[in-house]
Amino acid sequence: MNHLKTFVLLAVLTALFAGLGYLIGGKTGMLIALLFAGGMNLFSYWNADKIVLRMYRAQPVDENHPNAVVRNYVADVRQMAAAAGMPQPQVAIIPNDQPNAFATGRNPQNAAVCATTGLLDMLTRDEVRGVMAHELAHVKNRDTLTMTVTATIAGAIAALANFALFFGGGDDRERPGGLIGTLALMILAPMAAGLVQMAISRAREYEADRVGAEIAGDPHALASALQKIEAYAKRIHNPTAERNPASGQLFIINPLAGKGADNLFSTHPATGNRVRALMELGTKMGMRPRAFVEPVPPRAPATPTTTGVPTTPTTPRGPWG
């Protein structure tokens, strides 16, 4: 169902682009916008993993790490990737107190999965496995490619709107609705494209939850992890994400601690909806529900982390703090 939803939304986005392109720029304008957006996103597709890993100061780790928690983390990722029939991804940790994780890379052969030090410190091993299985599912489903295609079309729509704004379109007499109709399309089309893009992102998160739960073999562990991560994200800042809010959609839970509602303007589904879906999956697998344990308040900054990686500053440095 999530694959079908993604296909339908991509079709809607493509139809929106084609219609807007023809009305505003004709065939030539539509082609120019597509090439422009495609070139920008092709560069991002090949280089985004290096950019985001550098941005978050990700540190590659392996089975020889001196800390047992990190060794277990690496071993679990490698075991689950092998069991899922996937190439072994690069495994890294991010020095950040907020428990979270993301995957990046243009394809399964060039992928990296990252967990924050907060994730390894505050969640149980089973919960960490569930989270990283979700990230492996993103890699397996080639969600990076899907979102790149989505961004290309959405970017082309925005480029067409800007093209019409600054250079005008064809003869007003040839446009349905005339100048007013074209102006309305210039404003509304990019907004509609953004909403569709967010809807596709939410669909991919649901699908990664499902596939990740199957990879780890424990939907309840992932459900528990999602609840804990969301609770901590509301208490612990992620300064890098606050300075670069566009990167927030990479994480398993919004690092900016956004609204809890599963609404049109969210790149992540509501955590409650994700938890219910995972619990239903666990029931189908014959598993007994586990009780959710309320996270304890964040520890004092002076408390050393179990990973041995320096923690992030406690003072927010983002645009809102």
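It should be emphasised that the depicted structure is a prediction, and the values quoted were computed from it without experimental measurement.

Strand order across the open sheet formed by 4 strands is 1-2-4-3, with mixed pairing between neighbours. Each of the sheet's edge strands pairs with one partner strand only, and the pair in question is strand 1 (59-60) and strand 3 (101-105). When strand 2 (residues 90-94) meets strand 4 (residues 111-116), the two strands line up parallel, connected through 5 bridges. Counterpart to Ala 92 in the pairing with strand 4 is Cys 114. Running at roughly 145° to strand 2, helix 3 (residues 68-83) makes contact with strand 2 and strand 4 of the sheet.

This next bit is on the confidence of the model for the protein chain. In this model, the protein chain carries an average pLDDT of 78, and 68% of its residues clear a pLDDT of 70 or more. Confidence over residues 170-177 falls short of pLDDT 50; this stretch has 8 contacts with residues more than four positions distant or in other chains. This model gives residues 310-321 a pLDDT under 50, and the stretch forms 22 contacts once residues within four places in sequence are excluded.

So, about the environment of Thr 267. Position of Thr 267 among the secondary structure elements: in the loop between helix 9 (239-243) and helix 10 (271-284). In sequence terms Thr 267 and Ser 201 are 66 residues apart; their C-alpha atoms lie 5.7 Å from each other. Non-local contacts of Thr 267, meaning those with residues more than four positions away in its chain, are made with Met 198, Ser 201, Arg 202, Glu 205 and Gln 249.

Counting buried residues in strand 2 gives 4 out of 5 residues, a clear majority hidden from the surface. With 2 bridges joining them, strand 1 and strand 2 adopt antiparallel strand pairing. The residue bridging Gln 59 from the neighbouring strand is Ile 93, located in strand 2.

Thresholds, definitions, all that
Here the residue numbering is sequential within each chain, running from 1 through the sequence in written order. Restriction of local features to residues with pLDDT of at least 70 applies here, the model being predicted, together with a cutoff of 80 or more for giving and counting side-chain atom pairs; totals for whole chains, interfaces and linings are based on all residues. Each side-chain value is derived from all of the structure's non-hydrogen atoms; neither hydrogens nor water enter the calculation. DSSP bridges decide pairing: two strands pair if at least two such bridges lie between them. Helix and strand definitions follow DSSP, with helices as H or I runs of at least four residues and strands as E runs of at least two, each counted in order from the N terminus. Any two residues whose heavy atoms approach within 4.5 Å at even a single point are treated as in contact. All axes here are fitted lines through C-alpha atoms, helices being fitted over the stretch that makes contact, and every angle between N-to-C directions spans 0 to 180 degrees. Along the chain, pLDDT gives the predictor's confidence residue by residue, from 0 to 100. Relative accessibility decides the category of a residue: with a 1.4 Å probe and only protein chains considered, values under 20% of the type maximum give buried, values over 50% give exposed, and everything between is partly exposed.

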